[in-house]
Amino acid sequence: MNTHWQSGRFNIDLSQPKIMGIVNLTPDSFSDGGAYSQNARTALNHAERLLQEGADILDIGGESTRPGADYVLPETEWARVAPVLKELASWNVPVSLDTRRTAVMKRALEQGGVDIINDVSALSDDGAVELLAQQPATGICLMHMQGLPATMQNNPQYQDVVVEVARYLNGRTAVCTAAGIARERIILDPGFGFGKNLQHNTALMRHLRSLMQQTGLPLLIGVSRKRMIGELTGEADAAARIHGSVAAALAAAARGAQILRVHDVKATADAVKVWQALGVFEDGEQAV
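In what follows, the accompanying structure is described. Since the model is a prediction, treat every value here as computed from it, not as a measurement. (Residues numbered from 1 in each chain as written. Predicted model: local features only at pLDDT ≥ 70, side-chain atom pairs only at ≥ 80, totals over all residues. Heavy atoms only, no water.)

**Examining the sheet that holds strand β6 (residues 116-119)**
Each strand in a sheet pairs with another by means of backbone hydrogen bonds, the pair being arranged parallel or else antiparallel.
Point 1. An order of β8-β7-β6-β5-β4-β3-β10-β9 is seen for the eight strands of this open sheet, with the pairing classed as parallel. Sheet topology places β8 (186-189) and β9 (220-221) at the edges, where each strand pairs with a single neighbour.
Point 2. As paired strands, strand β3 (residues 18-24) and strand β10 (residues 259-262) are joined by four bridges and run parallel to one another. For K18, the partnering residue across the bridge sits in β10 and is I259.
Point 3. Running over the sheet, helix α1 (residues 40-53) touches β3 and β4 (57-61) and is turned about 165° from β3. (Pairing = 2+ DSSP bridges. Helix = DSSP H or I, 4+ residues; strand = E, 2+ residues; numbered from the N terminus. Contact = heavy atoms within 4.5 Å. Axes fitted to C-alpha atoms, helices over the stretch in contact; angles between N-to-C directions.)

**Looking at α1**
Point 1. Under the 1.5 Å per step criterion, the end-to-end length of α1 is 20 Å for 14 residues, consistent within 8% with the ideal 20 Å.
Point 2. On its buried face, α1 is in contact with β3, β4, α2 (74-88) and α10 (265-278).
Point 3. G54 lies just past α1 and shows a positive phi near 120°. (Expected span 1.5 Å × (residues − 1).)

**Some words on the packing of α2 against helix α3 (residues 102-111)**
Point 1. Taken N-terminus to C-terminus, the directions of α2 and α3 make an angle of 20°; their axes are 10 Å apart at the nearest point. For the element pair α2 / α3, the angle class is roughly parallel. Judged by the twist between their axes, the crossing of α2 over α3 is right-handed. Contact residues: P74, E77, W78, A82, L85 and K86 in α2; V104, R107, A108 and Q111 in α3.
Point 2. In the contact of α2 with α3, the residues fall into six nonpolar, one polar and three charged. (Parallel < 35°, antiparallel > 145°, perpendicular 65-115°, else oblique. Left-handed = near helix turned anticlockwise from the far one by under 90°. Nonpolar A, V, L, I, M, F, W, Y, C, P; charged D, E, K, R; others polar.)

**Brief notes about the pairing of strand β7 (residues 139-143)**
On any regular strand, side chains alternate: one points to one face of the sheet, the next to the other face.
Point 1. When you tally the buried positions in β7, you get five out of five residues, the bulk of the element.
Point 2. Residue alternation in β7 divides its side chains into two sets, G139, C141 and M143 and I140 and L142, and both sets are buried.
Point 3. Judged from the four bridges that link them, β6 and β7 form a sheet pairing that is parallel. By the bridge assignment for β7, D119 is matched with L142.
Point 4. Running through helix α4 (residues 128-133), the crossover from β6 to the neighbouring parallel element β7 is right-handed.
Point 5. Note that β7 and β8 share four bridges and pair parallel. Its bridge partner being in β8, L142 is matched across the sheet by L188. (Buried < 20%, exposed > 50% of the residue type's maximum accessible area, 1.4 Å probe, protein only. Right-handed = clockwise from strand over helix to strand, strands pointing away.)

**Topic: the nonpolar core**
Point 1. Ranked by internal contacts, the top residues of the largest apolar core, which has 67 residues, are I60, L85, L123 and I221.
Point 2. For I60, the contacting residues outside a window of four places in its chain are V23, L25, V81, V84, L85, L88, V95, S96, L97 and D98. (Core = buried A, V, L, I, M, F, W, Y, C linked by side-chain atoms within 4.5 Å.)

**Section: empty space enclosed by the protein**
Point 1. Under the definition given, this model contains one cavity of 30 Å³ or more.
Point 2. Taken as a whole, the largest cavity holds about 30 Å³ of empty space.
Point 3. Together, I221, V223, S224, S245, A249, L260, R261 and V262 line the largest cavity.
Point 4. Counting only elements with at least two residues in the lining of the largest cavity, the list comes to α9 (242-254) and β10.
Point 5. Along the lines of polarity and charge, the residues of the lining of the largest cavity split into five nonpolar, two polar and one charged. (1 Å grid on protein atoms, 1.4 Å probe; cavity = no way out; pocket = protein on both sides within 12 Å on 5 of 7 lines; lining within 4 Å. Points joined across faces, edges and corners; volume = space filled by probe spheres on them.)

This is a description of form; function is not addressed.
Here it is as structure tokens:
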């Protein structure tokens with residue numbers, strides 16, 4: 001298992017959980033209703049606040065991939081993220097671009113300042129693998145998704161969700177390494193809520209260690225404010241799912257997840273600090 005993640009200008013230490021703060025630049029974001037999409041300054045102010053609250057990485061996205069999301073032109077996506085990425089290039093913080101479009105990846109990498117490509121489609125867009133193979137150090141997150149955002153929650157089916165997710169992610173990793181991308185640049189995301197119902201999501205969370213054993217790579221976990229949290233708590237308002245989201249983040253960290261992708265950075269960072277200080281392990285045993 002990699003103990004560091006090669007990510008562009010940075011070599012991220014994975015010996016302790018790292019927090020990835022989310023900066024949505026989409027007007028139809030499920031989690032914040034587009035609160036940070038009005039202009040670049042609003043988004044940058046939010047990014048600065050996330051860093052002050054304890055974010056280790058910033059994840060910038062210009063296309064909503066929530067269930068049922070409308071199609072967004074690559075040109076529109078790029079117009080949303082370009083000014084923010086340009087400013088963040090001088091902030092000396094790992095910057096992740098959440099995109100599944102090769103064209104957007106290419107423009108961002110040419111502009112500079114992007115350390116990580118976080119792709120919900122696991123570099124399946126034409127030319128994406130070849131593009132990233134040409135980059136000497138850019139970090140990559142490969143995610144599992146069954147179907148496409150517009151239809152992925154229409155009755156998803158699995159025989160064994162953990163085995164099938166691991167098989168898919170191993171296959172995409174093999175494609176990347178065959179193209180010359182070093183494994184040290186790759187982490188994996190099982191894709192909670194992306195073509196999965198509550199039963200599937202719960203099974204994945206309970207078996208994260210098995211998933212890591214089957215793939216041999218670090219995991220990024222994103223459950224923050226998602227529908228599964230609402231289904232477990234009864235909270236319909238995504239922005240009010242902070243408590244359940246923090247609990248899920250700790251459950252992932254307790255099972256070995258190395259990157260926690262969250263909206264509520266301070267709450268998650270504080271919870272992780274207390275959890276680490278108290279030495280509570282997955283089986284409930286207390287550190288002596």
